[in-house]
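Spelled out, the chains give:
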Amino acid sequence: MNSSPALIQVVGAVLFGLAILHTFSTKYFEHLAHTQPRHAGIWHLLGEVEVVFGFWAMVLMLFMFAISGKHEATAYLDSRNFTEPLFVFAIMVIAATRPILEMAGALVRALAALLPVQRGMAMYFVVLAFVPLLGSFITEPAAMTLAALMLRDTLFSHPISSRLKYSTIGVLFVNISIGGTLTSFAAPPVLMVAAKWDWDIGFMLSNFGWKAAVAVLINAAIAMLIFRNQLGHMGRKIPASESPVPWTVTGVHLAFLVLVVVFAHHPAVFLGLFLFFMGFTTAYQRYQSPLILREALLVAFFLAGLVVLGGLQQWWLQPVLMKMDANAVFFGAAALTAFTDNAALTYLGSLVEGLSDEFKVALVAGAVTGGGLTVIANAPNPAGASILKEKFSDGVINPLGLLLGALPPTLVAVIAFRVL
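Reading the values: the criteria
- Residues numbered from 1 in each chain as written.
- Predicted model: local features only at pLDDT ≥ 70, side-chain atom pairs only at ≥ 80, totals over all residues.
- Heavy atoms only, no water.
- Helix = DSSP H or I, 4+ residues; strand = E, 2+ residues; numbered from the N terminus.
- Rg over C-alpha atoms; globule rule 2.2 N^0.38 Å.
- Buried < 20%, exposed > 50% of the residue type's maximum accessible area, 1.4 Å probe, protein only.
- Salt bridge = Lys/Arg side-chain N within 4 Å of Asp/Glu carboxyl O.
- Core = buried A, V, L, I, M, F, W, Y, C linked by side-chain atoms within 4.5 Å.
- Contact = heavy atoms within 4.5 Å.
- Expected span 1.5 Å × (residues − 1).
- Bend = angle between axes of the 7 residues up to and from the residue.
- Polar contact = N/O pair within 3.5 Å; in protein donor to acceptor, adjacent residues only side chain to side chain.
- Axes fitted to C-alpha atoms, helices over the stretch in contact; angles between N-to-C directions.
- Left-handed = near helix turned anticlockwise from the far one by under 90°.
- Nonpolar A, V, L, I, M, F, W, Y, C, P; charged D, E, K, R; others polar.
- Parallel < 35°, antiparallel > 145°, perpendicular 65-115°, else oblique.
- pLDDT = per-residue confidence, 0-100.
- Phe/Tyr/Trp six-rings, centres within 6.5 Å; stacked < 30°, edge-to-face > 60°.
- Lys NZ or Arg CZ within 6 Å of the ring centre and 35° of its normal.

### Considerations on the overall build of the chain
Moving on, step 1. Helix and strand counts for the chain come out as 21 helices and zero strands.
Moving on, step 2. Over its C-alpha atoms the chain spans a radius of gyration of 21 Å, differing by no more than 12% from the 22 Å that the globule rule assigns to 420 residues.
Moving on, step 3. Each principal axis of the C-alpha atoms in the chain carries an extent, and together these give about 65 × 55 × 45 Å.
Moving on, step 4. Here the chain holds 420 residues, and the buried ones make up 56% of them.

### So, the pattern of salt bridges
Moving on, step 1. Evaluation of the coordinates by the stated rule reveals two salt bridges.
Moving on, step 2. Here Arg-98 ties to Glu-102 by a salt bridge, and the two come within 2.8 Å at their closest N and O atoms. A residue pair is termed a helical-turn pair when its members lie 3 or 4 positions apart in one helix, as Arg-98 and Glu-102 do in helix 7 (residues 98-114) at four residues.
Moving on, step 3. With a relative accessible area of 4%, Arg-98 lands in the buried category.

### Brief notes about the nonpolar core
Moving on, step 1. Counting 143 residues, the largest nonpolar core has Phe-53 and Tyr-124 as its most contacted members.
Moving on, step 2. Per element, the largest residue contribution to this core is twelve residues, and it comes from helix 8 (residues 119-138).
Moving on, step 3. Leaving out residues up to four positions away in the same chain, Phe-53 has contacts with Phe-16, Ala-19, Ile-20, Thr-23, Phe-302, Gly-305, Leu-306, Leu-309 and Ile-376.
Moving on, step 4. Counting six residues, the second-largest nonpolar core is a separate cluster that includes Ala-33, Ala-40, Trp-43 and Leu-46.

### A short note on helix 15 (residues 293-310)
Moving on, step 1. The first and last C-alpha atoms of helix 15 sit 25 Å apart over 18 residues, in line with the 26 Å expected at 1.5 Å per residue.
Moving on, step 2. All of the buried residues along helix 15 are Ala-296, Leu-298, Val-299, Ala-300, Phe-302, Leu-303, Ala-304, Gly-305, Leu-306, Val-307, Val-308 and Leu-309.

### Description of the side chain of Thr-83
Moving on, step 1. Inspection of the secondary structure puts Thr-83 in helix 6 (residues 83-95).
Moving on, step 2. Judged by its relative accessible area of 15%, Thr-83 falls in the buried class.
Moving on, step 3. Contacts of Thr-83, omitting those with residues within four sequence positions, involve Ala-264, His-265, Pro-267 and Phe-270.

### Quick look at the environment of Ile-8
Moving on, step 1. Here Ile-8 lies in helix 1 (residues 5-23).
Moving on, step 2. On the basis of relative accessible area, Ile-8 is assigned to the buried category, the value being 0%.
Moving on, step 3. For Ile-8 and Phe-63, which are 55 residues apart along the polypeptide, the C-alpha to C-alpha distance reads 8.0 Å.

### Observations concerning helix 8
Helical geometry note: an α-helix holds 3.6 residues per turn, so side chains three or four residues apart project in the same direction.
Moving on, step 1. The sharpest bend along helix 8 comes to roughly 30 degrees, located at Val-126.
Moving on, step 2. In terms of burial, helix 8 is largely enclosed, as 16 of its 20 residues are buried.
Moving on, step 3. Two or three places before Gly-120, at the opening of helix 8, Gln-118 has a side-chain oxygen 3.0 Å from that residue's backbone nitrogen.
Moving on, step 4. Backbone geometry just after helix 8 places Thr-139 at a positive phi near 85 degrees.

### With respect to unusual backbone geometry
Moving on, step 1. Despite not being glycine, Thr-139 has its phi angle at roughly 85 degrees, a positive value.
Moving on, step 2. When you line up the elements, Thr-139 lands in the loop between helix 8 and helix 9 (140-153).
Moving on, step 3. Since its relative accessible area comes to 2%, Thr-139 is described here as buried.
Moving on, step 4. The phi angle at Asp-198 is positive, at roughly 60 degrees, despite the residue not being glycine.
Moving on, step 5. We classify Asp-198 as exposed; its relative accessible area is 67%.

### Side note on the packing of helix 12 (residues 201-226) against helix 21 (residues 399-419)
Moving on, step 1. Packing of helix 12 against helix 21 leaves a shortest axis separation of 9 Å and a crossing angle of 150 degrees. As helix 12 packs across helix 21, the resulting crossing turns out to be right-handed. Contact residues: Phe-208, Lys-211, Ala-212, Ala-215, Ile-218 and Asn-219 in helix 12; Pro-409, Val-412, Ala-413, Ala-416 and Phe-417 in helix 21.
Moving on, step 2. Its residues placed into classes, the contact of helix 12 with helix 21 shows nine nonpolar, one polar and one charged.

### Quick word on the packing of helix 12 against helix 19 (residues 357-369)
Moving on, step 1. Here helix 12 crosses helix 19 at 65 degrees, and the two axes come no closer than 11 Å. The angle between the axes of helix 12 and helix 19 places the two elements in the roughly perpendicular class. Crossing of helix 12 against helix 19: the hand is right-handed. Judged by residue contacts, Phe-203, Asn-207 and Phe-208 of helix 12 engage Val-361, Val-364 and Ala-365 from helix 19.

### Considerations on the confidence of the model for the chain
Moving on, step 1. Mean pLDDT over the chain: 89, with 97% of residues reaching 70 or higher.
Moving on, step 2. The least confident element of the chain, judged by mean pLDDT, is helix 16 (residues 314-322) at 78; the most confident is helix 10 (residues 162-179) at 97.

### A closer look at the packing of aromatic side chains
Moving on, step 1. Under the counting rule described, the total for this entry stands at 17 aromatic pairs.
Moving on, step 2. The interplanar angle of 55 degrees and the centroid separation of 5.3 Å between the aromatic rings of Trp-197 and Trp-199 together place this pair among those described as tilted. Across this residue pair, the class does not change: Trp-197 and Trp-199 are buried.
Moving on, step 3. Put simply, the rings of Trp-197, Trp-199, Phe-203, Phe-208 and Phe-417 touch in pairs and so form one group of aromatic residues.
Moving on, step 4. The cationic tip of Lys-165 hangs over the ring face of Phe-392; the distance from NZ or CZ to the ring centre is 5.9 Å.

### Some words on the environment of Ala-385
Moving on, step 1. Within the element layout of this structure, Ala-385 appears in helix 20 (residues 381-388).
Moving on, step 2. Residue class for Ala-385 comes out buried when judged on its relative accessible area of 5%.
Moving on, step 3. Spatially, the C-alpha atoms of Ala-385 and Glu-295 are 9.9 Å apart, while their sequence positions differ by 90 residues.
Moving on, step 4. Ala-385 has contacts with Glu-50, Phe-173, Val-375 and Ile-397, leaving out every residue within four places of it along the chain.

Right under this line is the structure:
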């Protein structure tokens, strides 16, 4: 961008700040929708967390067209990498299908049956511990989708306290963010640097994975014990209202899920697979529940907006990070990721040459540690928020409530990564 780059950067930073403020104000827009029904449509639209960054990205592009012209604006869009939003869309839809959910639910119930605690407590623990760690193999967006849907249909299916709701979603977001670090391909912040820094599964397990697993288990156990008196209904067996899904159909769904994960960096391949998957679900519709296309599209729109806005934040983010030592960068990254996508932070770090191994590990550890503090902190968070928000007051997850719910498990993650 050769025309007025400094002005565009300032505009991008201001709009990014407004987008963050907007995410903290969605409940106000939902209130306006109820008090001003004549314009309820636009207020509901602006009250959707998933719309926020897409909306402000559109405003940015209008500024860019006006300031820099059509060529520069379209060149900037063409330079953005939208693979992650497209992947999250595809994986969300596939992971949320009835065959996958029934298989995951059966596995969760089997594991819960092995734990020496009351069944509802065991189910709660397994969903908040096992599923996030499973994200290291099926990717974090898929794990988030599975865990959020299972919580929605079990824990959130009955009236529960707001404290339990926000504590649960806080633990879920933190555990998903750190639980994907057992491998080098599942967590977006790790994906951004793994190839360049030559981090393989062995490196991830020894530097991140075992520490993350300890924190995930502690977080889930603490939440289970604190809310043990409110978890009884999670142990009730949900009566089957539909005919069982044949194992062959489940196998095909699982194969599509695995293939999309394997080709996660190749949108032409995984989108082609997704179209074949759509055809299969149409052919065997009697074994399907309605696909969550709307929810997945909204999440992809959110992430695409973050990609567009985030591309103009390097000028201030990178200097902030590079002024820190390894210890400061851990806490700095954990704090900064509450205001921007953690994958963006690690990507900026990967652009700098000559970093020590200690600095690299601290940067990524800090980025994943802070990944549960806000909806925008980690790419899978909007997926979980989209699925669970209808269970919260006015259909909105209060950002302050999420922050307070995520702080305790975040502190556990801090201790795990900096003390162990």
